[in-house]
Amino acid sequence: MTQWSGYLGLILQGALVTIELTLMGSVLALIMAFLAGMGRLSRYFVLRALATAYIEFFRGTSIFVQLFWAYFVLPLAGISLTPLQAGVLALGLNVGAYAAEVVRGAIQSIGREQYEACIALNLGRWQGMRHVILPQALLVMLPTFGNNAIELLKATSVVSLISLADLTFQAQVVRSQTGNTLMPFTTILVIYFVLALVISWGVRSLERRMARGIDGVRV
Amino acid sequence: MPAPIIKVDAISKSFGAFKVLDGLSMQVMPGEKLALIGPSGSGKTTILRILMTLEKIDGGHIQVDGEHLYHMERNGQLLPADERHLAKMRQKIGMVFQLFNLFPHKCVMDNVTLAPMLTKGVARAAAEKRAMELLDMVGMADKAKAMPAQLSGGQKQRVAIARALALSPKIMLFDEVTSALDPELVEEVLNVMRKLAAETDMTMLLVTHEMGFAHDFADRVLFFDRGRIVEEGKPDEIFRHPKQERTQGFLKKIIAAGHRV
Amino acid sequence: MPAPIIKVDAISKSFGAFKVLDGLSMQVMPGEKLALIGPSGSGKTTILRILMTLEKIDGGHIQVDGEHLYHMERNGQLLPADERHLAKMRQKIGMVFQLFNLFPHKCVMDNVTLAPMLTKGVARAAAEKRAMELLDMVGMADKAKAMPAQLSGGQKQRVAIARALALSPKIMLFDEVTSALDPELVEEVLNVMRKLAAETDMTMLLVTHEMGFAHDFADRVLFFDRGRIVEEGKPDEIFRHPKQERTQGFLKKIIAAGHRV
Amino acid sequence: MDWDWNFVREILPTLIQGVKITILATLLGSVLAAIVGLAIALARRSENRAVSRTVGFLAEFIRGTPLLVQLYFIFYVLPDFGILLPPLVAGVIGLGLHYGTYTAEVYRAGIDNVPRGQWEAAKACNLGAGQTWTHIILPQAIPPMIPALANYFIAMFKETPLLSAITVLELMNQAKSVANTYYRYVEPMTLVGAFFLIISLFSVVLLRWLEHRYGKIER
Amino acid sequence: DDAKLEQLKGQGFARVAIANEPPYTAVAADGKVSGAAPDVAREIFKRLGVNDIVASISEYGAMIPGLQAGRFDVVTAGLFMKPERCAAVAYSEPVLCDAEAMLVKKGNPKGFKSYEDVAKDSSATIGAPGGGTEEKLALNAGVPRDRVIVVPDGQSGLKMLQDGRIDAYSLPVLSINDLVKKANDPNLEVIAPVMGAPVYCDGAAFKKGDEALRDAYDVELAKLKKSGEFAKIIEPYGFSAAAAMSTTREKLCAAK
Ligand SMILES: Nc1ncnc2c1ncn2[C@@H]1O[C@H](COP(=O)(O)OP(=O)(O)OP(=O)(O)O)[C@@H](O)[C@H]1O
Ligand SMILES: Nc1ncnc2c1ncn2[C@@H]1O[C@H](COP(=O)(O)OP(=O)(O)OP(=O)(O)O)[C@@H](O)[C@H]1O
Ligand SMILES: [Mg+2]
Ligand SMILES: [Mg+2]
């Protein structure tokens, strides 16, 4: 048991890696989501085609395949990434493709009448997007973004398969070294769940702040 | 005689196979108050939306304030208008919608100041000063900080009117601005419009099912049916002595349904 | 004098902290046609929904057709009604909604026959025969095979009326059955209701903003404000000579908004 | 990076063995997820607070933690409690439970999306609770669920490579084993990626058709 | 002309792949990596002027691809020398030697002595690490693919045996002994060595093309062996220094 508490430190190190991956992956995913999501709504065919290809490719192939590719195959083409870089790249691009559809859907969910009000007020395309459509669409995206972030968190466990020392990986190490299976796995399940709760709580409070006023509640 | 501020010449417009406007022509004089009436689906909203460039036309020609709306002259040639030309033309026209279309994430003040600041580069202080005057005019000065969701329908519509006026258009388009309102709230909006008609010399086009208001408000009434103007004239002529059978039928139905003419 | 068919006694109803009905009492005689008018939010819809058992009451007592609505007697004791008792009471009452609420996945005929077949065990043939009579009465016999989505608002509402009649209720409730309709379609629904009022001796409660129709249709008018009946009387009294200030104010606003009384 | 077609030809039969297991796991997992989801959705609507709360928490927990770790748990920890499952069965149970928490949301949204007016009209027509469900609510709720359910089954399909972690010889595991035997990663991983991409491009078409045929749940 | 060594010296550390398999590798409760393979590598690199090693734990199957992809500079993980592997990587001289063992239930109910015995019993399954030596030995002995269960790590293999999911679990002798010691389960029995299975030795595996570095490594390894320090490092973990010194890379790579 004393031994076990020592290995807890190892698992917490893994938790830090998992958090790091989740944060960096989310940032990349967010950037890709807006680029590709708005790309799909572009007036220019080339942008639309690029965005669609990106989205379909990364949603179509499994995250595992993408990860193994980034880690084992890309280096053969001369692009060598650290496990962390490969993990962030695969996770960010994968979740970004899903989130791009959220961005597109949210923008499209803003009623036609808001676009028409923009035209009637003579706002330019980008002005209308920036000041009228996106602020409203953001609120629509937020809850789904929260779900996407949790999906990303869960997907980080897969990086253990490319030897990145995240939570799941450290649990495996502890398991080999101590011969105990129940403790490490139970511990990391709880840690993952707590992290997921933190994400959904964070997103919900952000949502509440942004929604203030729009729903008629006094600001 | 001054030149017409709007000249619509034989325009047509279809949605799919369905022809909504069919060689429609009309002219509007500067400062004129025009009411467009007619049965549902007759194309009243469509012509307003075309003037606001929310729909494109399939054929025909429109001039607004002496300039082509959907065309532009380049080296003596008439080309389809580009976005820049349309933006310039839109400065002359404002529109108020049936469902208000306020920006729900911005307070009343920001709704009114947004467009002047962005499209005309007016400084915030100046934009807010003008906005307060307009909000005062529509009786909403005390709600400048409120969010749209906190307003009643009538209040929203008055803000929407102020918002459209903030760009100082020469022409204002009103599409059934009271028909989404509870009966009790209709009057407060109509009062604002009466005031507007009396105090400014803006050209105003009004689509409405409120025959009583159309009668009092308009200098001239156009009766639409199936994408054409079937009859036009002074309010008294149209409402008291309609010549066309279709106009008579329409007015009879409306009266039977309990509306005052 | 016959006994009242509906006896509402000091009922109250709150949504959260907001008291919608506040000690409301009223009585309706068999065969009576009653119009409920009043400003938005005054509780008109709520009282109809309570009679249809779509909302529960917080306090008070209701009798319908000589039986308790929300209570039942067991061994001389008054207990809260169970689902079986409510189901029995609902047989006496039919309701037509503002937004029709037709079953979109069933054709017109099936909409009308569903309830008689399921709740009364009527055979399909008999149910369809009766349904055709009702559809004929509302002028929709030729659309029996159509799906709701293929109908106009007015047609939907006429089907909804036929559907409610198919259960042969003693009392019919109408909640603003024309206010979601285009102005031109209002009349076709009102005509059906006139016919209904003339041809049957059903008790009918009608919530409406169509003052003209309320005037012609009703035997008696109740004016609601803030969850109470402020004034009641014959249509002529209420509409021509309202006694209460609130009633006067309400009618003035409505008239100003262009409605005929 | 060199590509060897002869090698591809050599390993293809092995990979096809894996494809069969992948498809079998997806099908069984989908059936289980559909059933588990319905059970969760009904339990969460239960009048009994204890039932609805407990099931709600469990579903949240399963949704908030990685499938990979759940698979480890089912496969390696449950035997300590006397539950010994063959790899494929453990994998299918993991997939079914995990995705059941997602399909439960689809059922819930489908039912909630039937307008309140329909419940009220059913009551005004004096229909009983059972009659209302079978004749009014479910016929309207189920068709729009179909595309959303199909969407999750396709997502599940792309997660089957996780089963390789609990020794199921599905496609990914076969590919890894081939790669380990010949020390060549490019061909097997690319073939796996291509396989997933092709299937999911087909499934995009299928989903479009389903959405067209059955409509979409508006959230 | 050893550019690679200069580069490692410059950065001050070498990246080493190790397995999650005691006693080849041990990870202490504080996360510190030790074990026979990394300890030898650390010592030799120090002598080469590379101050430290950075060890990353990896699956067996991922080691050679990782090496080829340039993820590690060297693999020191009990990756036994075999002709195919000698073709894929550049091995040093032998470091750790071990025979193969099988873990079975108490009393060896199926009577296994060799991999061929497993092949003959059509209901028997055997677990082995994916891409490891044992997997190939079993396959070569005629055990069909679907009866060779690829097990991710030792603990999982032990568990699967205890749970009756597999009939035998095969690893090098020392690894099996370590597992059994930790498991402390009287219902297990070790069969060691497996009959007909050769004694294998691992070496430090370098990427093809890094032969110069490998040669430098060999020089220091030879010195270490000679001075007796080699034995001091590996024998506490249970490995035999004599075994490693009695054979050569050449012999092992040529073995049939
Ligand atoms: N975007 C569109 N796509 C297809 N049909 C359209 C579209 N917009 C309008 N229509 C059709 O064009 C016809 C004319 O519409 P319009 O809105 O101009 O009528 P209206 O006179 O304003 O009627 P109402 O009094 O009901 O507002 C209608 O039949 C309508 O269904
Ligand atoms: N389910 C509910 N939850 C909360 N408040 C409600 C609910 N239903 C009705 N109310 C509130 O109760 C009040 C009375 O509503 P009711 O619908 O009875 O008014 P009404 O007289 O029918 O008005 P209208 O003419 O607008 O239909 C309103 O203020 C309404 O907002
Ligand atoms: Mg219109
Ligand atoms: Mg109401």
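Residues numbered from 1 in each chain as written. Chains lettered and ligands numbered in written order. Predicted model: local features only at pLDDT ≥ 70, side-chain atom pairs only at ≥ 80, totals over all residues. Heavy atoms only, no water.

Per an unreviewed UniProt entry, chain B goes by the name Ectoine/hydroxyectoine ABC transporter ATP-binding protein EhuA and belongs to Mesorhizobium abyssinicae. UniProt, in the comment section headed Subcellular location (unreviewed entry), describes chain B in these words: "Cell membrane". UniProt, in its Sequence similarities (unreviewed entry) section for chain B, records the words "Belongs to the ABC transporter superfamily." (UniProt positions renumbered as here; feature names shortened; annotations may be inferred.)

Per an unreviewed UniProt entry, chain A carries the name Ectoine/hydroxyectoine ABC transporter permease subunit EhuC and comes from Mesorhizobium abyssinicae.

Draft legend 1. Local environment of the overall build of chain A. Of regular secondary structure, chain A possesses eight helices and zero strands. Listed by position from the N terminus, the elements making up chain A come as α-α-α-α-α-α-α-α. When the backbone C-alpha atoms are referred to their principal axes, chain A occupies close to 70 × 50 × 20 Å. Burial analysis of chain A (219 residues in total) assigns 56% to the buried set. (Helix = DSSP H or I, 4+ residues; strand = E, 2+ residues; numbered from the N terminus. Buried < 20%, exposed > 50% of the residue type's maximum accessible area, 1.4 Å probe, protein only.)

Draft legend 2. Region of the structure containing the nonpolar core. By size, the foremost hydrophobic cluster in this structure holds 234 residues, and its most contacted members are Ile62 and Leu205 of chain C together with Phe45 of chain E. With near-sequence residues (within four places) excluded, Ile62 of chain C lies in contact with Lys7, Val8, Ile11, Ile50, Leu51, Ile57, Glu67, His68, Leu69 and Tyr70 of chain C. In terms of nonpolar packing, the next biggest core, distinct from the first, is built from 56 residues, Leu48, Leu69, Phe103 and Leu173 of chain B among them. (Core = buried A, V, L, I, M, F, W, Y, C linked by side-chain atoms within 4.5 Å. Contact = heavy atoms within 4.5 Å.)

Draft legend 3. Structural context of the UniProt feature "domain: ABC transmembrane type-1" (unreviewed entry) in chain A. Under the UniProt annotation, "domain: ABC transmembrane type-1" (unreviewed entry) lies at residues 15–200 of chain A. Measuring from the first to the last C-alpha atom of residues 15–200 of chain A gives 18 Å, for a span that is 81% helix and 0% strand.

Draft legend 4. Seen up close, helix H2 (residues 83–90) of chain B. Within H2 of chain B, burial applies to His85, Leu86, Met89 and Arg90 of chain B. One side of H2 of chain B holds all its buried residues, which, seen down the axis, span an arc of 135 degrees. Tucked inside the fold, the buried residues of H2 of chain B contact helix H5 (112–120) of chain A together with strand S4 (59–64), strand S5 (67–68), strand S6 (71–74) and strand S8 (93–96) of chain B. (Arc of directions from axis to C-beta.)

Draft legend 5. Representation of the site of ligand 1. Residues and elements named next belong to chain B. Around ligand 1, the structure places 13 residues, and the nearest of them are Ser40, Gly41, Lys44, Thr45 and Thr46. Here an oxygen atom of ligand 1 sits 2.6 Å away from a polar atom, N or O, in the side chain of Ser40. Measuring from an oxygen atom of ligand 1, one finds a backbone N or O atom of Ser42 at 3.2 Å. In isolation ligand 1 exposes 640 Å². Once the protein is present, 63% of that is buried. Of all the secondary structure elements, the ones that give two or more residues to the shell around ligand 1 are strand S2 (18–28) and helix H1 (44–51). (Near = heavy atom within 4 Å. Polar contact = N/O pair within 3.5 Å; in protein donor to acceptor, adjacent residues only side chain to side chain. Areas by Shrake-Rupley, 256 points an atom, 1.4 Å probe, with all protein chains shown as cover.)

Draft legend 6. Focus on the interface of chain A and chain D. Taken together, the contact between chain A and chain D spans 35 residues of the former and 36 residues of the latter. Of the roughly 3,100 Å² buried between chain A and chain D, counting both surfaces, carbon and sulfur atoms make up 75%. Together, Lys154, Leu189 and Phe193 of chain A form the three largest contributors to the area buried by chain A at its contact with chain D, with a combined 19%. On the surface where chain A and chain D come into contact, there are zero salt bridges. Inspection of the region where chain A meets chain D yields ten residue pairs in polar contact (both at pLDDT 80 or more). (Buried area = accessible area lost by both parts, 1.4 Å probe. Salt bridge = Lys/Arg side-chain N within 4 Å of Asp/Glu carboxyl O.)

Draft legend 7. Focus on the site of ligand 2. Residue and element names in this part refer to chain C. Contacts to ligand 2 come from 13 residues, most closely from Ser40, Gly41, Lys44, Thr45 and Thr46. Glu176 has a polar side-chain atom sitting 3.2 Å from an oxygen atom of ligand 2. Protein chains shield 63% of the accessible area of ligand 2, which is 630 Å² for the free molecule. Only strand S2 (18–28) and helix H1 (44–51) provide two or more residues apiece to the shell around ligand 2. In terms of residue count, the dominant contributor to the shell around ligand 2 is H1 (three residues). In the shell around ligand 2, the residues fall into four nonpolar, seven polar and two charged. (Nonpolar A, V, L, I, M, F, W, Y, C, P; charged D, E, K, R; others polar.)

Draft legend 8. Just the interface of chain D and chain C, in detail. With 16 residues of chain D at the contact, the number on the chain C side is 22 residues. Around 1,700 Å² of area is buried between chain D and chain C when both sides are counted, 60% of it from carbon and sulfur atoms. Counting across the interface, chain D meets chain C through one salt bridge. Residues Arg49 of chain C and Glu120 of chain D are paired through a salt bridge, measuring 2.6 Å at the closest nitrogen-oxygen approach. The interface formed by chain D and chain C includes seven residue pairs in polar contact (both at pLDDT 80 or more).

Draft legend 9. Examining the UniProt feature "transmembrane region" (unreviewed entry) in chain A more closely. All names here are of chain A. The positions UniProt marks with the feature "transmembrane region" (unreviewed entry) are residues 6–36, 57–79 and 182–203. Secondary structure within residues 6–36 divides into 100% helix and 0% strand; the distance between the first and last C-alpha atoms comes to 45 Å. With 100% helix and 0% strand, the stretch residues 182–203 has end C-alpha atoms that lie 32 Å from each other.

Draft legend 10. Highlighting the UniProt feature "domain: ABC transporter" (unreviewed entry) in chain B. Those residues carrying the UniProt feature "domain: ABC transporter" (unreviewed entry) are residues 6–251 of chain B in this numbering. Helix makes up 38% of residues 6–251 of chain B and strand 28%, whereas the separation of the span's terminal C-alpha atoms amounts to 27 Å.

Draft legend 11. Structural context of the packing of aromatic side chains. For the structure on display, the rule yields 25 aromatic pairs over all chains. Ring geometry for Phe157 of chain D versus Phe196 of chain D: centroids 5.2 Å apart, planes at 55 degrees, classification tilted. With Phe157 of chain D in helix H6 (residues 129–159) and Phe196 of chain D in helix H8 (residues 186–214), this pair connects stretches of sequence that are 39 residues apart. Through a chain of ring-to-ring contacts, three or more aromatic side chains come together here, namely Phe185 of chain A together with Tyr72, Phe75 and Tyr76 of chain D. Sitting above the plane of the Phe103 of chain B ring, Arg163 of chain B keeps its charged end 4.6 Å from the centroid. Seen from the ring of Phe230 of chain E, Lys225 of chain E lies directly overhead, with NZ or CZ sitting 5.8 Å from the centre. (Phe/Tyr/Trp six-rings, centres within 6.5 Å; stacked < 30°, edge-to-face > 60°. Lys NZ or Arg CZ within 6 Å of the ring centre and 35° of its normal.)

Draft legend 12. How the structure looks around a nonpolar patch on the surface. Residues and elements named next belong to chain A. On the surface, Tyr44, Phe45, Val46, Leu47 and Leu50 cluster together to form a nonpolar patch covering roughly 570 Å² of accessible area. The residue Phe45 is located in helix H2 (residues 45–60) in this model. Owing to a relative accessible area of 59%, Phe45 belongs among the exposed residues under this scheme. (Patch = residues over 30% accessible without salt bridge, like charges linked within 9 Å, V, L, I, M, F, W, Y side chains within 5 Å.)

Draft legend 13. Quick look at the pairing of strand S6 (residues 71–74) of chain C. Looking at chain direction, S6 of chain C and strand S7 (residues 77–80) of chain C are connected through four bridges and run antiparallel. Opposite Glu73 of chain C, over in S7 of chain C, you have Leu78 of chain C as the bridge partner. (Pairing = 2+ DSSP bridges.)

Draft legend 14. Spatial organisation of the side chain of Gln136 of chain A. In this structure, Gln136 of chain A sits in helix H6 (residues 125–155). Polar contacts involving the side chain of Gln136 of chain A include one to the main-chain carbonyl oxygen of Val132 of chain A, which spans 3.0 Å. When sequence neighbours within four positions are dropped, the list of residues in contact with Gln136 of chain A reads Ile110 and Gln114 of chain A together with Pro104 and His105 of chain B.

Draft legend 15. Layout of the arrangement of the chains. The interface with the highest contact count, out of six pairs of chains in contact, is the one between chains A and D. Spatially, chain A is disjoint from chain C: no contact exists, and the shortest C-alpha separation is 16 Å.

Draft legend 16. Fine view of the sheet that holds S4 of chain B. Residue and element names in this part refer to chain B. Pairing is antiparallel in the open sheet, where four strands are placed in the order S2-S1-S4-S5. Looking at the sheet topology across the chains shown, the edges are occupied by S2 and S5. Where H1 meets the sheet, it contacts strand S1 (6–15), S2 and S4, and its direction lies at approximately 115 degrees from that of S1. (Axes fitted to C-alpha atoms, helices over the stretch in contact; angles between N-to-C directions.)

Draft legend 17. Summary view of the side chain of Ser62 of chain A. With respect to the helices and strands, the residue Ser62 of chain A is situated in the loop between H2 and helix H3 (63–73). The class of Ser62 of chain A is buried, set by a relative accessible area of 1%. A polar side-chain atom of Ser62 of chain A sits 2.7 Å from the main-chain carbonyl oxygen of Lys158 of chain D. Among all residues touching Ser62 of chain A, those that are not within four sequence positions of it are Lys158, Pro161 and Phe196 of chain D.

Draft legend 18. Examining unusual backbone geometry more closely. Backbone torsion omega between Ala192 of chain E and Pro193 of chain E reads -10 degrees, so that peptide bond is classified as cis. Relative to the assigned elements, Pro193 of chain E resides in the loop between strand S12 (188–191) and strand S13 (200–201). Although it is not a glycine, Asn75 of chain B adopts a positive phi angle of roughly 50 degrees. Note on placement: Asn75 of chain B falls in the loop between S6 and strand S7 (77–80). The backbone phi angle of Glu176 of chain C is positive, close to 45 degrees, even though this residue is not glycine.

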